[in-house]
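A structural walkthrough
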Amino acid sequence: MKLETERLILREINESHTEDILRIRSNELINQYVKRKSPASNYEALEFILHIKRKTQNKEILFWGISYKGQQNLIGTICLWNFSEDRKTAEVGYELLPEHHKKGIMSEALQSVLHFGFNALHLQEILAFTHKCNEGSQSLLLKHNFLLEEYRTDEKNPDNLIFSLKNNQLV
């Protein structure tokens, strides 16, 4: 499953991306807003990749590595996951190495994934959970017409805000 934008290729990750996944998922700046166990070695990054491949095969997640066209190295990831039972709602998650922030990269990748989710998967709503202090992520979501769900809380992480985008809100 590959998506292309003007500058980017979004593609399934595989074992050849082990070092890239280690670099992305163990980055301190990214992880300041995410509660997760970061990989500490290539072995742990490879375990994560194999875990994602299993979840992809089971249709539990759609997970793309983000790279510039013509380059193999991943600079970030984006996924649709946590699908509702009726497959009408999903959550989007994303991360991007800090040296690529503020270049419109995640905006371009997110736009492509939103269109795919609504048009190919026929989702009715896409949710995004982001840390209350992650202003960059909040700004990205608002730019793409997500609405802050002020009345909703993340039971697993009270520091998260929940945003939603319905199919008819997509620009």
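In this text the structure is predicted, and so the values were computed from the model without any measurement.

**With respect to the packing of helix H1 (residues 18-25) against helix H3 (residues 42-57)**
- Running from amino to carboxyl end, H1 crosses H3 at an angle of 100°, the nearest separation of the two axes being 8 Å. It follows that H1 is roughly perpendicular to H3 by the angle criterion. Facing H1, whose interface residues are Thr-18, Glu-19, Ile-21, Leu-22 and Arg-25, H3 presents Asn-42, Ala-45, Leu-46, Phe-48 and Ile-49.

**Remarks on the nonpolar core**
- In this structure, Leu-10, Trp-64, Ile-66, Ile-78, Leu-80, Val-92 and Phe-146 are the most contacted members of the largest nonpolar core, which totals 30 residues.
- When contributions to this core are tallied by element, the ones reaching two or more residues are strand E2 (8-11), strand E3 (62-68), strand E4 (76-81), strand E5 (89-96), helix H4 (105-120), strand E6 (125-131), helix H5 (135-143) and strand E8 (160-166).
- Tallying contributions element by element places H4 first for this core, with eight residues.
- In this structure, Ile-13, Ile-24, Ala-45 and Cys-79 belong to the second largest nonpolar core, which totals 14 residues.

**Some details on H3**
- In this model H3 runs 22 Å from its N-terminal to its C-terminal C-alpha over 16 residues, within 8% of the 22 Å that 1.5 Å per residue would give.
- Within the sequence span of H3, burial applies to Ala-45, Phe-48, Ile-49 and Ile-52. Here the buried residues of H3 occupy an arc of 100° about the axis, which is enough to place them on one side. Every exposed residue of H3 that faces more than 90 degrees away from the buried side is listed here: Tyr-43 and Gln-57.
- In this structure, the buried residues of H3 make contact with H1 and E3.
- Downstream of H3 by one or two residues, Lys-59 has phi in the positive range, about 60°.

Definitions and cut-offs
- Residues numbered from 1 in each chain as written.
- Predicted model: local features only at pLDDT ≥ 70, side-chain atom pairs only at ≥ 80, totals over all residues.
- Heavy atoms only, no water.
- Axes fitted to C-alpha atoms, helices over the stretch in contact; angles between N-to-C directions.
- Helix = DSSP H or I, 4+ residues; strand = E, 2+ residues; numbered from the N terminus.
- Parallel < 35°, antiparallel > 145°, perpendicular 65-115°, else oblique.
- Contact = heavy atoms within 4.5 Å.
- Core = buried A, V, L, I, M, F, W, Y, C linked by side-chain atoms within 4.5 Å.
- Buried < 20%, exposed > 50% of the residue type's maximum accessible area, 1.4 Å probe, protein only.
- Expected span 1.5 Å × (residues − 1).
- Arc of directions from axis to C-beta.

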